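One letter stands for each residue in the lines below.
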Amino acid sequence: MTTDEGVIDEQALLRLAREKSAEARARLAATISDLFRDEDDALTDRERALMADILRRVLRDIEIGVRRQVATALAGQPSLPHDLMVFLANDEIEVAYPILRQSRVLQDADLIEVIRNRTQEHQLAIANRYHVSEAVCDALVQTGQHEVIRELLQNPDADISGATMDYLVDQSRRVDSFHEPILRRADLPEDLAKRMFLWVSAALRTYIVDTFRLDAAVVDDLLETAAREGYDSVRQEASRRPAQALAERLARHSAITPELLVSALHDGEVSLFVSLMSRLAEMREPLVKRMLFEPGGEGLAITCRALGFARKDFSVIFLLSRKARPENARTFKRDHEAAMAFFDRIQAPAAQKVLRQWQRDQDYLRALRDIETGAAVSR
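What comes next is a walk through the structure. Computed from a predicted structure; not experimentally measured. (Residues numbered from 1 in each chain as written. Predicted model: local features only at pLDDT ≥ 70, side-chain atom pairs only at ≥ 80, totals over all residues. Heavy atoms only, no water.)

**A few points about the pattern of salt bridges**
Within the structure shown, the criterion is met by four salt bridges. A salt bridge links Arg279 to Glu248, with the nearest nitrogen and oxygen atoms 2.9 Å apart. Here Arg279 is found in helix H17 (residues 270–281), whereas its partner Glu248 is found in helix H15 (residues 241–252), with 31 residues between them in sequence. Connected via shared salt-bridge partners are Glu248, Arg279 and Glu285. (Salt bridge = Lys/Arg side-chain N within 4 Å of Asp/Glu carboxyl O. Helix = DSSP H or I, 4+ residues; strand = E, 2+ residues; numbered from the N terminus.)

**A short note on helix H16 (residues 258–266)**
Every buried residue of H16 is accounted for by Pro258, Leu261, Val262, Ala264 and Leu265. Along the axis of H16, the buried residues cluster in a sector spanning 160 degrees; they form a single face. Buried residues in H16 make contact with H17 and helix H20 (311–321). (Buried < 20%, exposed > 50% of the residue type's maximum accessible area, 1.4 Å probe, protein only. Arc of directions from axis to C-beta. Contact = heavy atoms within 4.5 Å.)

**What about helix H19 (residues 298–306)?**
Counting buried positions over the nine residues of H19 gives eight, a clear majority of the element. Within the sequence span of H19, burial applies to Glu298, Gly299, Leu300, Ala301, Ile302, Thr303, Cys304 and Ala306.

**Looking at the packing of aromatic side chains**
For any pair of aromatic rings, the description consists of the separation of the ring centres together with the inter-plane angle of the planes. Overall, the coordinates contain two aromatic pairs when judged by the stated rule. Their ring planes at 45 degrees and their centres at 6.1 Å tell us that Phe314 and Phe318 sit as a pair that is tilted. Of the two residues, Phe314 and Phe318 are both situated in helix H20; the distance of four residues between them amounts to about one turn of the helix. Residues Phe314 and Phe318 agree in their burial class; the two are buried. Ring centres of Phe314 and Phe343 lie 4.9 Å apart, and the angle between their planes is 5 degrees; this geometry places the pair in the stacked category. Of this pair, Phe314 sits in helix H20 while Phe343 sits in helix H21 (residues 329–345), and the two are 29 residues apart along the sequence. We note that Phe314, like Phe343, is buried. Each member of the aromatic cluster is reached from another via a ring pair, and the members are Phe314, Phe318 and Phe343. Over the face of the ring belonging to Phe343 we find Arg305, whose NZ or CZ atom lies 4.3 Å from the ring centre. (Phe/Tyr/Trp six-rings, centres within 6.5 Å; stacked < 30°, edge-to-face > 60°. Lys NZ or Arg CZ within 6 Å of the ring centre and 35° of its normal.)

**Observations regarding a negative patch on the surface**
Judged by side-chain charge, Glu92, Glu94, Glu121 and Glu147 come together as a negatively charged surface patch. The topology assignment puts Glu94 in helix H6 (residues 93–102). Among the residues examined, Glu94 registers a relative accessible area of 40% and is labelled partly exposed. (Patch = residues over 30% accessible without salt bridge, like charges linked within 9 Å, V, L, I, M, F, W, Y side chains within 5 Å. Areas by Shrake-Rupley, 256 points an atom, 1.4 Å probe, with all protein chains shown as cover. Lys, Arg positive; Asp, Glu negative; His and termini not counted. Charge placed at Lys NZ, Arg CZ, Asp CG, Glu CD.)

**Some thoughts on the nonpolar core**
The biggest cluster of nonpolar side chains holds 47 residues, and the ones touching the most others in it are Met85, Leu100, Leu140, Leu152 and Ile182. Residues Leu272, Leu276, Ile302 and Ile346 belong to the second largest nonpolar core, which totals 37 residues. (Core = buried A, V, L, I, M, F, W, Y, C linked by side-chain atoms within 4.5 Å.)

**Things to note about the packing of helix H7 (residues 108–117) against helix H8 (residues 120–127)**
For the pair H7 and H8, interaxial distance at closest approach is 8 Å and the crossing angle is 145 degrees. As for how H7 packs across H8, the hand of that crossing is left-handed. On H8, the residues touching Leu111, Val114 and Ile115 of H7 are His122, Gln123 and Ile126. Taken together, the residues of the contact of H7 with H8 break down into four nonpolar, two polar and no charged. (Axes fitted to C-alpha atoms, helices over the stretch in contact; angles between N-to-C directions. Left-handed = near helix turned anticlockwise from the far one by under 90°. Nonpolar A, V, L, I, M, F, W, Y, C, P; charged D, E, K, R; others polar.)

**Points about unusual backbone geometry**
You will see that Glu282, though not glycine, has its phi angle at about 55 degrees, which is positive. As for its placement among the helices and strands, Glu282 is situated in the loop between H17 and helix H18 (285–293).

**Structural notes on the packing of helix H4 (residues 64–74) against H6**
Look at H4 against H6: their axes get within 8 Å of each other, and the N-to-C directions meet at 5 degrees. Classed by the angle they form, the pair H4 and H6 counts as roughly parallel. Two secondary-structure elements touch here, H4 through Ile64, Arg67, Arg68, Ala71 and Thr72 and H6 through Glu94, Val95, Pro98 and Ile99. Here the residues of the contact of H4 with H6 sort into five nonpolar, one polar and three charged. (Parallel < 35°, antiparallel > 145°, perpendicular 65-115°, else oblique.)

**Concerning the side chain of Ser103**
One can find Ser103 in the loop between H6 and H7. The buried category is assigned to Ser103, whose relative accessible area is 0%. Beyond its immediate stretch of four places on either side in the chain, Ser103 contacts Ala75, Met85, Pro98, Arg129 and Tyr130.

Spatial relationships are all this shows, so hold off on functional conclusions.
See below:
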């Protein structure tokens, strides 16, 4: 609500604030939210303080649906008044959720206060934030809520201190639901991971020997081999987590581009490429990896066409993906030409239809056969 000169009309805002009807208050909240979000308006500190004060006063009397819309609109704004964000963070979870998940205005002390005084749903929202500091992680763990702690462990952007991780590993002896998320964390120290496998192996040994009366030495040899293989497998999976975490952060900011994908392959970061393409195309990583290395490159061509990639971007991605393959120069050139011809024949709507099938986890080969036989390719 501005004057013809683009200045905030404070009196008009105050007049609207004095109206008691739900409609007027909802209109006022939407107006102020728009003013906060409008990057073209350089609000003065006084105007920001005034609007924040008005919002705080009227939000209490507005229905929860409108409050939720206001919170969603403001959650990602980096320069909103601190006390307004704290006010919204302590509202009902439907309102507080986007603020707790996204707001960079909230400080550790604010989050810890919410953890201690609000509901488990508020705690879960904080456990899934874009970044969780060590102090906030400690406060979440201190709640003792297993569901909250499990969510925290599954958040790759949570900075869990060594002491807290040690405590959680100890707790995992009696809380089975902690096992998998702990072992999949890239920041789990090797000694703690081995300790967990030894616990499981020791408990299993006792059960097998007592129940089936097998030779203890034989059981020990089998369990030692199984524990070592299980540990190696989990740690290998955990090593991929940084790439997945980076891809997730970039996806949140819509920052995954063809140029970034090309750069990842050019630098030999295949795991990062797979994670990035998985997020961009909303497909499972095993399927992305499969299409990246299949001989003809048809799946890769379909995906790139569906995502609107330029012809040159697909060409470079195809060539880089074939660098590790032992083809001779003649075969390499022929495959590239065939892949480019296939890319040129595909119509974007048809490619998008196939991509939607893959996103729904439908059969990959069947959809590929359909498009190869002409069902979805323009002749």
